[in-house]
Every structure is written in structure tokens, then in C-alpha cells.
Amino acid sequence: HPMGLSDTDLLRTKGVIGGAWVGADAGGLLDVRNPATGVLLAQVPMMGAAETGRAIDAAAAALPSWRVLTAQERAKLLMGWHDLMLDAADDLALLLTLEQGKSLAEAKGEIIYGASFIRWFAEEARRSYGDVIPTHKRGSRLITIKQPVGVVGAITPWNFPNAMITRKLGPALAAGCTVVLKPAEATPLSALALAVLAERAGIPAGVINIVTGDPVAIGGALTASPVVRKISFTGSTRVGRLLMAQSAPTVKRLSLELGGNAPFIVFDDADLGPAVAGAMASKYRNSGQTCVCANRLFVEDGIHDAFVAKLTEEVGKLKVGNGCDLGVNQGPLINKAAVEKVEELVADALEKGATLVTGGKRHELGGCFYEPTILTGITGDMRIAHEEIFGPVAAIQRFRGEEEVLRLANDTEFGLAAYFYSRDLGRIWRVAEGLESGMVGVNEGLISTEIAPFGGVKQSGLGREGSSLGLDEYLEVKYISMAVG
Ligand code: ADP
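Residues numbered from 1 in each chain as written. Predicted model: local features only at pLDDT ≥ 70, side-chain atom pairs only at ≥ 80, totals over all residues.

An unreviewed UniProt entry lists the protein under the name Succinate-semialdehyde dehydrogenase (NADP(+)), with Niveispirillum cyanobacteriorum given as the organism. Heading Sequence similarities (unreviewed entry) of the UniProt record for the protein holds this comment: "Belongs to the aldehyde dehydrogenase family." (UniProt positions renumbered as here; feature names shortened; annotations may be inferred.)

Engineer: Would you mind going over the overall build of the protein with me for this structure?
Structural biologist: Scanning the protein from N- to C-terminus turns up 14 helices and 20 strands. A compact globule built from 485 residues would reach a C-alpha radius of gyration of about 23 Å, and the protein, at 23 Å, matches this within 12%. With the principal axes as the frame, the protein shows a C-alpha extent of 70 × 65 × 40 Å. The buried share of the protein, reckoned over its 485 residues, is 53%. Counting only contacts in the protein whose residues sit at least 6 apart along the sequence, the fraction spanning at least 24 positions is 72%. (Helix = DSSP H or I, 4+ residues; strand = E, 2+ residues; numbered from the N terminus. Rg over C-alpha atoms; globule rule 2.2 N^0.38 Å. Buried ≥ 20, exposed ≤ 12 C-beta atoms within 10 Å, placed from the backbone. Contact = placed C-beta atoms within 7 Å.)

Engineer: Quick question: what am I supposed to make of the site of the ligand here?
Structural biologist: What surrounds the ligand is a group of 14 residues, the closest being Pro215, Gly219, Gly235, Ser236 and Val239. When contributions to the shell around the ligand are tallied by element, the ones reaching two or more residues are helix H7 (215-224) and helix H8 (237-247). Split by residue class, the shell around the ligand holds 8 nonpolar, 4 polar and 2 charged. (Near = placed C-beta within 6 Å. Nonpolar A, V, L, I, M, F, W, Y, C, P; charged D, E, K, R; others polar.)

Engineer: Any chance you could explain the confidence of the model for the protein here in plain terms?
Structural biologist: Do not read the predicted coordinates in detail wherever pLDDT is low. Residues with a pLDDT of 70 or more make up 100% of the protein, whose mean pLDDT is 97. For this predicted complex, the interface score ipTM comes out at 0.98, while the overall pTM is 0.98. (pLDDT = per-residue confidence, 0-100.)

Engineer: So what exactly am I meant to see when it comes to the packing of H7 against H8 here?
Structural biologist: The geometry of a pair of packed helices is captured by two quantities: the angle between their axes and the separation between those axes. Contact geometry of H7 with H8 gives a least axis separation of 8 Å together with a crossing angle of 35°. In terms of crossing hand, the pair formed by H7 and H8 is right-handed. Listed contacts from H8 to Gly219, Gly220 and Thr223 of H7 are Leu243, Gln246 and Ser247. In terms of residue class, the contact of H7 with H8 is built from 1 nonpolar, 5 polar and no charged. (Axes fitted to C-alpha atoms, helices over the stretch in contact; angles between N-to-C directions. Left-handed = near helix turned anticlockwise from the far one by under 90°.)

Engineer: Would you explain H8 in this entry?
Structural biologist: For the α-helix, the turn length of 3.6 residues means that residues three or four positions removed from each other point alike. Among all positions of H8, only Thr237, Gly240, Leu243 and Ser247 are buried. Each buried residue of H8 lies within a common arc of 120° when the element is viewed along its axis, so the set occupies one face. Exposed side of H8, more than 90 degrees from the buried face: Arg238 and Ala245 are the residues found there. As for H8, its buried residues are in contact with H7, strand E10 (228-234), strand E11 (253-257) and strand E19 (461-462). (Arc of directions from axis to C-beta.)

Engineer: It is not clear to me how the packing of helix H2 (residues 71-87) against helix H6 (residues 188-200) should be interpreted in this structure. Could you clarify?
Structural biologist: The interhelical angle for the contact between H2 and H6, taken along N-to-C directions, is 130°, at an axis separation of 9 Å. Comparing their axes, H6 and H2 come out oblique. In the packing of H2 onto H6, the handedness of the crossing is right-handed. For the pair formed by H2 and H6, the contact residues are Trp81, Leu84 and Met85 on the first element and Leu197, Ala198 and Arg200 on the second. A breakdown of the residues in the contact of H2 with H6 according to their chemical character gives 5 nonpolar, no polar and 1 charged. (Parallel < 35°, antiparallel > 145°, perpendicular 65-115°, else oblique.)

Engineer: For this particular structure, what's the right way to read the sheet that holds strand E15 (residues 373-376)?
Structural biologist: Hydrogen bonds between backbone groups are what pair the strands of a sheet, and the pairing can be parallel or antiparallel. In spatial order, the strands read E14-E15-E16-E13-E12-E17-E18; together these 7 strands make up an open sheet with mixed pairing. The sheet is open, and its two edges are formed by strand E14 (355-358) and strand E18 (439-442), each paired on a single side. The mean inter-strand angle of the sheet, taken between neighbouring strand axes irrespective of direction, is 20°. Sheet analysis places E15 next to strand E16 (residues 393-399), joined by 3 bridges and oriented parallel. By the bridge assignment for E16, leucine 375 is matched with alanine 395. Packed onto the sheet, helix H9 (residues 272-284) meets strand E12 (262-266), strand E13 (294-300), E16 and strand E17 (417-421) and runs at close to 160° relative to E17. (Pairing = 2+ DSSP bridges.)

Next up, the structure:
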């Protein structure tokens, strides 16, 4: 097989509506290219509002028989899906690297991480207890039960083509909801492969529907439909705001995981080695294309030069290239527009007085490759201090004192992840509580796990994914008051 998949059936080029693999009504196609080589990998249907409408109907038709299953029955099907994902991990990782660019090792890690959400929520669904409330009047009994929200519209990004889907479909399906999924244009193949495995696992037709194609038309149809009771979205703050506005007329439930501008703070009393290791992981993972990537590095005066020197040494060891090649840990950016955005941010920073320590330009490999970069002397008037970089650029600001850095760190409309390094217990509590973010890594650069709540405050979003809280996003609480005489 030209792609090297051992199970070639995992490569699908049709959408899924009510269990049928279908093309676009008008026959239009969307190109899926390998960002490392520019090679055309496949074409998937360019679907729009009409196909989305039928997918919503299919999800609504599947809902009654899916929601009445016991949590244990659904969990059994989900665990089957989970096991098939792990069995197919090498193929799923390869497909992911081919369409997204990250290294095979990172892709494999994502498949395992992605599968973990299915297992976790299969387990959690069996514990979605209601309450018996001690009554306020004799002869009356008060209870609550939890019920699935209904049909869910899920819209996912390209930076984690597998895990951003399982993080939504795991809790949605476990709760008893059915789904219409729109994967990102750049990475539909990972989504379609998951649907193949769901079908093999015996998850009934119509429970997972996938429409590929025009984001505006599909998003418009999902939000306009009164049948769709919830939108779960991961992507930019711009599109999140739009979906929120579009969901207002039908008052939908919303889970939004939006942009970030994570501060990564290194205090003078930090251990240098772990701080640099954490910065490398947080900044350069997925070539800087995650919403929790360190976006602004604040390094205190006394440790600044030593930190920059050691970080530069580590960045020098990164290997840029095609994610399929052995030893590569820095793949390409997702597309030309991403490279241009990084270029613009770096040019703006240099123009306004930043210092280039290493990198700072397109990689000699050409295409979508950009050199791992370090800039120092970043100041608040530079765009890079306020905008999500989504590329392999460490933007470092020097600071003095806790008060100053908290003010700087919170000076953003975003509030997703934040990180800091210190060994002072009092400071650790003060700063962890003072940072305006949904997640804080203390002496840690990687914090994502299915067992902990992932999500943001401020304009980074609404709701939490993963953890015991993640299931509630797909459940309604019903209060039942009974007069029992
Ligand atoms: P990114 O900048 O990471 O690509 P986007 O927010 O543009 O983030 O994309 C995330 C997801 O949102 C993708 O699946 C994309 O197709 C989808 N999307 C983009 N624009 C819209 C829209 N107007 N309505 C609904 N979905 C959209």
C-alpha cells in the first residue's frame, strides 16, 4: 500500500451518515495533503448544509435506542472501540503523521492518549449517580436523575486529529448522546479511521455521524438546528465566539475549548534543569501547535541568562524533518498560512527590539518547515506577547518579582494553561491561586491527562473535558419531586 498502512481499510474517503459511507451531494471534493511533502494523500467529500441536515436526522433517529441502553451496555461497546484503537495504534499514528505532520512517536502518544478518553468515560458513565435530597416537607420525596443532553454537534481542530475527537465522543457516547462530528479540513482521515473502528466495535449506525467539508455551512446547519442540543467545539476563540452567537437563538449547551496564551514563568529559585526540560516539552511539542503551549516565557532576572543558554543548547538538539523519519521530533507546521503567521510575529518582534538567539526563519527544508526559534527581550507592545504563536518560537521576557510577573501573566484575554517553576511553598500557593487560568503546571510542563479537568477561563472557553466533570457536560440533571402521602 502506498501509505504503508497494514490495514488499508482504515483509509476512508467518504463521510458517515446513519451508518452509510457517503459522498457529497454535489460531488465536490476536499484535498488532504501531507504538510511535510505537499503530496496529495486523499480527497474527502465537500459536504455542506444538506448533508449535515441528514446527519442530524440520523443522529436523532439513533438516539432513542442508544440512550435506553444501560451505562454498562454502552461501556462495553466503548471498551471494544478502545481496544480496537490500541490494536490499530501504529496505523492510526501513521495516518495522523501523514495528514498532520507531527513525529510518529508523538502521533503514537496521541493515539494512546486519545483512546484513554474512551476508556475513562466508559468507566465514568457507570457512576453518573443522581441524588436523593433529604426532604423539606413530610410526605414529599426529592430526587435527581441524570439524562443525556441529546444530539451533539462536535467540531474539532487539526492539531490533535485523534484526541480532540475522543475527548468529545467518549463522554458524549458514554452519557447516551449521539453525535454529528465535523473534523478539521486538514485532518479528516484520522476521524474517518476512528469511525471504521467504531463500526467494527458494534457501535450502532447513526450514533457517530461524520460530515467533512465546508466549515461555515456545516457549522451553520449544526447551530441552527433545534434538534442539536449541544455544541462541543475546540478551536480558535474567533470561531468559538461565532458558534456561541449562532447557538444563542436555540439556547444550546456549549463546551468551548478555545485559544490560549500560556505564561511559562521561571523564578530565580527554580531548578534550572527541570525548568528547561519543561519549557522544551511545553513549547516545542507538536512544533508549538497546541493551545496549552508556552506562549510567553517570563524568566526572572537572576536566572535569565543561564536559562536562555541552556534552552538554546537543548533547542540545538531538536531534529526538524518529515515526522515519518526516524529521530525527527519537529515536524512541519500545518500549512503555509501558519508559517506566514509565525514569520509575521517574529518580524514584528524583531522590528520592535527583540533579540534573535537562534532560528528566526523558514527551515532550509522549505515547504511548511520553520526553524525552532528563541527570542529574548520581548515586551508588551509586541504582537507575539498577545497573540497565540502556534509555532516553534520561544518568546522570552525578563522580569523582577512575583507581583510584576503575575500582572504581566494575567494581562491577556486568554486563560487556558499557565506554568511556573519555583521551590518556595508559599510562592507556589500564591502564584497558583493568582494566575487567571483554568490549569496550572507547577514545576511541570506537560499537564494533560484524561483523569484531570482540561479547560479554560476568560476567553479561553467554557466547560471542562476529561475527569469526572467531563461527563456532566453531556448530561442534564432532572429534579423529580414526589408527593408520597
Ligand atoms: P484553527 O485556527 O486552529 O484552524 P479554527 O477555529 O479555524 O482553528 O478551526 C477549528 C475547527 O473549526 C475546524 O474544524 C474548522 O473547520 C472549524 N471552523 C472554522 N470556521 C468555522 C465556522 N465558521 N463554523 C464552524 N466551524 C468552523
